[in-house]
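So the chains spell out like this:
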Amino acid sequence: MRTDAVRAWTGALLVVVLLLAGCTSDDDTSTAPTTTEDLGGGELSDLPVDVDPAEDTAESTFVVSPGTETVTVTEAEPGARLSLVDAEGERLIILKADEYGQAHFAYVPSRLLEFQTGENAELPTMDGGVVEPGAGYTIRGEDESPVQVSEPFDVLGRDDAPDGAFFDEQAGDLVPSGRETEKFGYITTRDGVELSVMVRLPGPADAGPYPTVVEYSGYDPSNPADAEPGSMIAGLLGYATVGVNMRGTGCSGGVFDVFNTAQQTDGYDAIEAIARQPWVKNHEVGMVGLSYSGITQLYTAATDPPSLAAVTSLSVIKDPWLQQWPGGVYNGGFTKNWLEERDRQSSAGGSSWVQERIDAGDTVCEGHQQIREQNVDFEAFGRSLVHRPAQADGRDLSKLVSNIEVPVYLSGAWQDEQTGPQFADMLGNFTNAPVTKFVLFNGRHPDGYTPFMLSRWHEFLELYVAHEVPDLDPTVRSLAPAVFEDFFGIPDLHFDDDRFGAFTADQYDEAKAWYESTPDVHVLFDQGGEAEHPGTPEPSFTKDYESWPPAGTETRAFYLDADGALSDEQPSAAGIDRFLNDPDSASKVFFPEDPGYELTAPTWTFDWTDFAEGNAIAYVSEPFTKATVLGGPGYAELSMRIPDGDADVQVSISLIDSSGTEWHVTSGELRLSDRKVDEATTDGLRIGRSFSAADSRSMPVDEFETVKVALPSFAQAFRPGDRLKVAISGPGRDFGAWSFEAIGEEGTPRDVGFGPGQASRLMLGVLPGIDEVPAIEAPCPSLRGQACRTYEPRTNTTAE
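Here the structure is a predicted model, which is why all the values come from computation and not from measurement. Along each chain, residues carry numbers from 1 onward, in the same order as the chain's sequence is written. With the structure being a predicted model, the display of local features is reserved for residues of pLDDT at least 70 and the display and counting of side-chain atom pairs for 80 or more, all residues being used for whole-chain, interface and lining totals. Where side-chain values are given, they derive from all heavy atoms of the structure, hydrogens and water being excluded.

Draft legend 1. Structural view of the overall build of the protein. Counting its regular elements, the protein contains 14 helices and 39 strands. C-alpha atoms define the radius of gyration in this analysis, and the globule rule sets the expected value at 2.2 Å times the number of residues to the power 0.38. Computed over its C-alpha atoms, the radius of gyration of the protein comes to 27 Å, within 12% of the 28 Å expected for a compact globule of 800 residues. Residue burial is assigned from relative accessible area. The probe radius is 1.4 Å, only protein chains are included, and a residue is buried under 20% of its type maximum, exposed over 50%, and partly exposed in between. Relative to its 800 residues, the protein shows a buried fraction of 61%. Under the convention used here, a 1.4 Å probe and the Shrake-Rupley method define accessible areas, while residue burial counts only the protein chains that appear. Summed over its atoms, the accessible surface of the protein is roughly 29,600 Å², and 46% of this surface lies on carbon and sulfur atoms. Charge separation in the protein, taken as the distance between the mean sites of 53 positive and 133 negative side-chain charges, equals 4 Å. Helix and strand definitions here come from DSSP, where helices need a minimum of 4 consecutive H or I residues and strands a minimum of 2 consecutive E residues; each element is numbered from the N-terminal end. Only four residue types enter the tally: Lys and Arg on the positive side, Asp and Glu on the negative side; His and the chain ends are excluded. Positions of charges follow a simple convention, taking NZ of Lys, CZ of Arg, CG of Asp or CD of Glu.

Draft legend 2. Structural detail: the confidence of the model for the protein. pLDDT gives the predictor's per-residue confidence on a scale running from 0 to 100. Residues at a pLDDT of 70 or more form 94% of the protein, whose mean pLDDT is 93. Two residues form a contact once any of their heavy atoms are found within 4.5 Å. Here residues 1–37 scores under 50 on pLDDT; set against residues more than four positions off or in separate chains, the count is 68 contacts.

Draft legend 3. Quick look at the sheet that holds strand β22 (residues 436–441). With mixed pairing, ten strands are arranged side by side in an open sheet as β14-β15-β17-β16-β18-β19-β21-β22-β23-β24. The open sheet terminates on both sides in strands that have one partner only, identified here as β14 (182–188) and β24 (541–545). The sheet shows a mean angle of 20° between the axes of neighbouring strands, direction not considered. A pair of strands counts as paired when DSSP detects no fewer than two bridges linking them. Across three bridges, the pairing between strand β18 (residues 285–287) and strand β19 (residues 308–314) is parallel. Only the stretch in contact is used when a helix axis is fitted, and all axes are lines through C-alpha atoms; the angle between N-to-C directions ranges over 0 to 180 degrees.

Draft legend 4. Region of interest: the pairing of strand β4 (residues 71–74). Pairing analysis gives four bridges linking strand β3 (residues 63–66) to β4, with the strands arranged antiparallel. If you follow V63 over to β4, its bridge partner there is T74. Where β3 folds back onto β4 in an antiparallel hairpin, the turn is made up of four residues, including E69, whose phi is positive at roughly 55°. The pairing of β4 with strand β7 (residues 103–105) spans three bridges and is classified as antiparallel. Across the sheet, the residue bridging to V71 is F105, located in β7.

Draft legend 5. Structural view of the pairing of β19. Burial analysis of β19 places seven of its seven residues in the buried class, the great majority of the element. The handedness rule is simple: strands pointing away from the viewer, and a clockwise path from the first strand over the helix to the second, make the crossover right-handed. Following the chain from β18 across helix α5 (residues 292–301) to the adjacent parallel β19, one finds a crossover that is right-handed. Here four bridges tie β19 to strand β21 (residues 408–413), and the two strands are oriented parallel to one another. Among the inter-strand pairings, S313 is bridged to a residue of β21, identified as L410.

Draft legend 6. Representation of the pattern of salt bridges in the model. A pair is scored as a salt bridge if a Lys or Arg side-chain nitrogen falls within 4 Å of a carboxyl oxygen belonging to Asp or Glu. Overall, the coordinates contain 45 salt bridges when judged by the stated rule. One connected set of salt bridges, linked through shared partners, spans D610, E662, K725, R789 and R794.

Draft legend 7. Quick peek at the nonpolar core. Counting 136 residues, the largest nonpolar core has W279, F430, W548, L638 and L724 as the members making the most contacts within it. Here this core gets six residues from one element, more than from any other, and that element is helix α4 (residues 261–275). When near neighbours in sequence (up to four residues on either side) are disregarded, L724 contacts F558, L566, Y619, V620, S621, F624, L630, I653, S654, F718, L762 and L764. The nonpolar core is taken to be a set of buried Ala, Val, Leu, Ile, Met, Phe, Trp, Tyr and Cys residues, with the residues joined through side-chain atoms within 4.5 Å.

Draft legend 8. View of the packing of helix α12 (residues 451–466) against helix α14 (residues 508–517). The geometry of α12 relative to α14 is characterised by a closest axis approach of 11 Å and an angle of 130° between their N-to-C directions. Judged on the interaxial angle alone, α14 and α12 are oblique. As α12 packs across α14, the resulting crossing turns out to be left-handed. Residues E459, F460, L463 and Y464 of α12 form the contact with α14, whose participating residues are Y508, A511, K512, Y515 and E516. Angle categories: roughly parallel below 35 degrees, roughly antiparallel above 145, roughly perpendicular from 65 to 115, and oblique for all the rest. Definitions for this section: a left-handed crossing has its near helix turned counterclockwise from the far helix by less than a right angle. A right-handed crossing has that turn clockwise.

Okay, structure coming up:
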């Protein structure tokens, strides 16, 4: 490989750093609301719900563009009242056009309300839903005399895909000229919205075809100056790459939303249009990306585009609502900041490269900016959804991934500081994917691009996109350690050993069959726990399973006991321990202000502080006498008593090693009014909840009630001499990038009972098939993603 290629490889990994840094009740018996605030930002309309069929009407002069669960109106009079009317003649919602005469219908309240659109607009946040697919809709201009009415139109649904001829017409639109290898352009989706794309080929188009991958997100994948990480690395490994900006972002047209159905079906349309290009091998494409562009792969694949070969999703989420409200507690840290940044970046000219293209004469890009006036504040919208609405199911990946019918590679970290570990709950839901390969580990958000992960990622792409026997270029393999050292600050990192050396290039079927015979789940333990080079992204040992959580996982109970003990048996004596509500701690994270959040530093600097005396209770086990690997989802079953009807509770588990270092393992949150367990979605140690308003109810005042606080999946080896600790408190302090906004007054008591009749306990899984684990001497800090500190015993406060 030439020196300039080495520089390119180094540059690719350095850019990864910069890009990843951004990924960075009781039943209602009240009367009908009468204030603007009560109406979710709307106001009561003076128009009747039912349209008068005898009313004089005229043909509309505004333009109506129906889409997937959306309708956009342009060329209306500024401030005009525009009604969306269904086929039965009922007004569903009235929007007032912005200063450009635009209005975008996407959400419908449960009663007829009017909303102003444009700058500082608010979405309907009462009970309601989306614009349902169907025929016979009209838009009425209510301020005209006679009333202007559009021609009837259809609103598309998720499955209303165009036929192949629609995409065939775009077959030559993305071909670079002559000997050029790059092209910026646009593809057209089923509702006419144009998405900006950036094509990068390994060579001239006529020298192809090339195995091709797509990176699709609302960041900057179509920025001509910089490829995103997944595309950049794939390109260096010989793949053609196409970066696609979601509607409402970059130079794309349309109105931005967060993972709505229109964005999902746009992914389908992008795949089909790109696969038609003459330089695409086999006229099918794969997808790459981490975080945002990892998540969108799953949404796209769930729409079942025929030309999608495979997806490789890294560091993903499970459910956008749960991401903003983990356990029903508002995530005021990373998720809040991420949504605010998406709102900013999707505004007109929100990215510098977009303005540069406009200044250079891209009139298409310029023409797409005005509709951004219809973008809304999604952070505020999500914050208003205190209870999970039923319509959130349309964006819940744990419910959508069963529709995926292509091979899936997915990797994720239990301690992912940005997207969290909830993704593991859905690993058993890929029921129609012909091949699934999951790599799970302790680690950080960008660790899908560590050397070992890249090795497995490359194998998968070669088998299911390139359709070749995996064979990493020896030059790339030999030069990689120097590049990885520049990136990770750790010497002697390398790609994993070649697992396909026994297969010749013409033994593709045999190689693929062997690969598919290997277990689906590969778990890495103790990544980073190396004394000589702390933070090295390599495990001390690994274990393979056919599923997650593994079959044969045994349940082990650890009981809360007197004097802060965590016992193997239910205590014979009853007791009550108390902690005080500490809402100020909800905003505390374990990264210090200086140096802050160092995304790719070999080790992190921690300021993992404990709660003040009296604001938390903790229980510690006796030292383990033999190696025990705990893992999978779990829960804490607590007998709790509070005086104020509701509370936010955090349960954290940690490992205390024989040297006295405490290592954070995982944490779970719960707003107690959301405590009702959904038996239909509960499976073993995994607790399911609806978080719906219907299932919300206050805690009994000053009476004990049992609650189950769900703990997300993890896998942690406890060696002889190690101890298990569980801490119970309000939210906060135990996360790197997640902080919370907790409810309740400071100092309000929260009591936890234990003993006979109050079996407060920790319920965890013991992973099968691991009888011995290698010894490690992990200095603090070293284990990737896991905060550490010197363990300090504490005395619990007892209650009368």
